[in-house]
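# Per-entry structural report
Take a look at the letters that make up each chain.
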Amino acid sequence: MDSVLARVSEATGVPADLLGGFLSVLAASAATGRLPGRADMDGLRECGALAAERGIPLRVLADACLHAAEITAGGAFGAVRRGMAAYIEGYEEAQRAALRQEEEARRMFVDDLLQGRADAERAEHFGLRLAGAYVVTVARPDTPVAAGDPLAGRIEQALVARFGSHNILVAVRDGLLVCVSPGALTAASGEFTHHVRSVLTDWRVGVGRPHQGPGGIVTSYREAVNAIDLGERLGLRAQVLKAADLLVFPVLLRDREAIVDLVSTVLGPLTSARGGPEPLLETLEAVFASQGNHTAAARRLGVSTRAITYRLERIRRLTGFSPSDPTQRFTLETAVLGARLLEWPAHPLA
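Residues numbered from 1 in each chain as written. Predicted model: local features only at pLDDT ≥ 70, side-chain atom pairs only at ≥ 80, totals over all residues. Heavy atoms only, no water.

## Description of the overall build of the chain
Scanning the chain from terminus to terminus reveals 15 helices and 6 strands. Its C-alpha radius of gyration of 33 Å places the chain more than 25% over the 20 Å reference for a compact globule of 350 residues. For the chain, the spread of C-alpha atoms along the three principal axes comes to 105 × 40 × 35 Å. In the form shown here, the chain has an accessible surface area of approximately 18300 Å², with 52% of it arising from carbon and sulfur atoms. Each charge class in the chain can be summarised by its mean position, and for the 38 positive and 40 negative side chains these summaries are 9 Å apart. (Helix = DSSP H or I, 4+ residues; strand = E, 2+ residues; numbered from the N terminus. Rg over C-alpha atoms; globule rule 2.2 N^0.38 Å. Areas by Shrake-Rupley, 256 points an atom, 1.4 Å probe, with all protein chains shown as cover. Lys, Arg positive; Asp, Glu negative; His and termini not counted. Charge placed at Lys NZ, Arg CZ, Asp CG, Glu CD.)

Written out as structure tokens, the structure is:
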């Protein structure tokens with residue numbers, strides 16, 4: 001048997017220790033005419049798993065088994081088939097286990113990365129060089145993406161194919177699709193958004209600013225998520241929201257007492273209007289969004305231009321502020337934004 005093992009190993013490159021059990025099974029089957037038992041099959045599965053761990057291609061292992069059967073098995077090809085099946089089961093189970101371990105390691109890395117706990121060595125394993133500046137882009141669909149959804153992998157492969165770089169990571173976290181890309185690769189965020197648009201029906205994308213290092217990735221991620229939250233609270237129509245365009249709002253929120261005072265002082269008198277303050281707030285928002293063009297604002301609201309003029313005059317009488325005055329316009333617009341951030345008038349001002 002040793003000479004057969006040596007011949008097969010030399011011819012195929014498969015180590016002899018992986019084939020000894022197979023040759024024993026063949027010899028026993030040839031002598032008795034019986035198929036291999038359970039213990040024999042378990043032993044061959046273990047050999048298949050060892051072959052996978054050593055990186056031996058499955059087709060090479062199969063070739064070695066068939067070569068051994070050709071030399072020794074004679075008519076025992078039923079044993080060959082069962083033996084081959086056991087090898088392949090062990091091999092494939094080892095591959096599945098390795099894939100599960102890699103997926104779990106990736107999930108844990110993404111969690112650590114977005115909480116500032118990832119180290120440079122682990123990041124390198126997943127293709128990120130933490131010394132550079134990174135931008136995080138987040139997509140929030142109406143229906144959260146499940147952990148393990150292959151969508152993230154497909155988008156990541158598309159980005160790598162486009163940019164020829166593995167310095168990009170796409171993953172799922174808390175139901176969101178998250179893309180981490182180098183700050184210098186400015187087109188990556190737009191490409192990620194393009195793929196999101198092509199596969200999701202209802203979605204919103206937030207784009208953080210580029211920041212340096214592991215802590216920078218956490219900051220950019222939070223900015224991207226906050227951009228989406230701000231867009232929803234403010235009733236913004238844009239599907240793609242950039243943190244760089246929304247910097248004024250975190251500033252407003254840092255001094256809640258001041259913004260409450262502003263909203264109460266400037267817009268509080270609107271509560272006495274017939275129909276409540278909401279129609280007048282919507283009018284101000286439409287006028288500001290239309291750069292003061294009353295006709296465009298009327299189209300946005302589906303009312304007449306005359307109605308816009310009437311409402312603005314009503315606002316001026318109640319509040320003492322007019323959008324046509326540059327200084328007063330700024331105060332009004334800031335107060336309206338503050339009202340949306342505070343969700344007033346739906347929620348009373350504290």
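Here the narrative resumes, following the displayed structure.
## Description of the environment of R82
Along the chain, R82 turns up in helix α5 (residues 77-113). Take R82: its relative accessible area is 34%, and that puts it in the partly exposed class. It is 57 Å that separates the C-alpha atoms of R82 and H211, two residues lying 129 residues apart in sequence. Ignoring sequence-local partners within four residues, the contact set of R82 consists of L35, P36 and M41. (Buried < 20%, exposed > 50% of the residue type's maximum accessible area, 1.4 Å probe, protein only. Contact = heavy atoms within 4.5 Å.)

## Thoughts on the packing of helix α12 (residues 278-289) against helix α13 (residues 294-301)
Packing of α12 against α13 leaves a shortest axis separation of 8 Å and a crossing angle of 125 degrees. Compared by their axis directions, α12 and α13 come out oblique. α12 and α13 meet at a crossing whose hand is right-handed. Across from E282, T283, A286, V287 and A289 in α12, the residues of α13 making contact are A297, R300 and L301. (Axes fitted to C-alpha atoms, helices over the stretch in contact; angles between N-to-C directions. Parallel < 35°, antiparallel > 145°, perpendicular 65-115°, else oblique. Left-handed = near helix turned anticlockwise from the far one by under 90°.)

## Focus: the confidence of the model for the chain
This prediction gives the chain a mean pLDDT of 85; 91% of its residues lie at or above 70. No element of the chain has a lower mean pLDDT than helix α6 (residues 120-125), which averages 63, and none a higher one than strand β4 (residues 203-207), which averages 95. (pLDDT = per-residue confidence, 0-100.)

## Overview of the pairing of strand β2 (residues 169-173)
Among the 5 residues that make up β2, 5 are buried, leaving the element largely enclosed by the rest of the structure. Neither face of β2 is left uncovered, since the one carrying L169, A171 and R173 and the one carrying V170 and V172 both have all their residues buried. Bridge count between β2 and strand β3 (residues 176-182): 5 bridges; the pairing is antiparallel. Looking at β3, one finds that R173 is bridged to L176. (Pairing = 2+ DSSP bridges.)

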